[in-house]
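Residue-level structure breakdown
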Amino acid sequence: MNLPLPVAVGIWVVIGLVLLTVVFVGLKRLTTRTAQTVPAPPAVPEGDLGEVLAGPVTAVYVSSTLAGDWLARVGAHRLGFRSNATVRVHRTGVLVARQGAPDLFLAASALEAVSLAPGMAGKYVGKDGLVVLTWTVPAAGGAPATRLDTGLRTQQTADRATLLNAVRELLPAADSAPNDDSKEPQQ
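The numbers attached to residues start from 1 for each chain and follow its sequence in the written order. The predicted nature of this model means local features are confined to residues of pLDDT at least 70 and side-chain atom pairs, given and counted, to a pLDDT of 80 or more, with totals for whole chains, interfaces and linings taken over all residues. Calculation of side-chain values draws on the structure's entire complement of heavy atoms; hydrogens and water are dropped beforehand.

Per an unreviewed UniProt entry, the protein carries the name PH domain-containing protein and comes from Oerskovia merdavium.

Of note in this structure, Arg-78 is not a glycine but carries a positive phi near 60°. You can see Arg-78 is positioned in the loop between β1 (52-66) and β2 (83-90). Summary of the burial criterion: residues with accessible area below 20% of their type's maximum are buried, those above 50% are exposed, and those between are partly exposed, where the area comes from a 1.4 Å probe applied to protein chains only. Residue classification places Arg-78 among the partly exposed positions, given a relative accessible area of 44%. The phi torsion at Asp-128 lies on the positive side, around 50°, for a residue other than glycine. Put simply, DSSP H or I for four residues or longer makes a helix, DSSP E for two residues or longer makes a strand, and each gets a number counted from the N terminus. Structurally, Asp-128 can be placed in the loop between β7 (123-124) and β8 (130-137). A residue is classified by how much of its surface remains accessible, and Asp-128, at 11% relative accessible area, is buried.

Extensive coverage of strand β9 (residues 146-154) is indicated by the burial of seven of its nine residues. Note on pairing: two strands pair once DSSP finds at least 2 bridges between them. Alignment of β1 against β9, held across seven bridges, turns out to be antiparallel. Across the sheet, residue Thr-65 finds its bridge partner in β9, namely Asp-149. Looking at chain direction, β8 and β9 are connected through seven bridges and run antiparallel. The residue bridging Thr-134 from the neighbouring strand is Asp-149, located in β9.

Below is the structure:
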């Protein structure tokens, strides 16, 4: 059966619009659902952030997920959406300057761990391709404090080790000891 060209094009346009609607409804639901359980991250402190331990490192901000569940993407507060970023590790914390999204500051006191992982939340890059920062968002706006994992994919392989070692300096001494989950990337 051959359809006239305008009818065939019309059918494809309708199918495309339905698919786009499904995607946008899903994103809206993800944002709404996680906004109730994940508080907004603190704003980037004004003024000097202290000594720079590493950076700027060019990276891709992959996503933030609930700690330990790398498929539970956090859509609230624009934490679950990929963007290009520049990462700097300061003595006071980690600054992730994201393009097209608000900057993210992970205070040194909020950081719990740093490790390497092959992927998270729909982004698989292979063996130890992501630097994953585990941190706690303080309670705010009725939502309890929440532990998150934030994944960063550095543009240069050597930058992974630089970022990993600089963040380890911010962690309490007991947590900064290397283990099997946070090994150095191989060159």
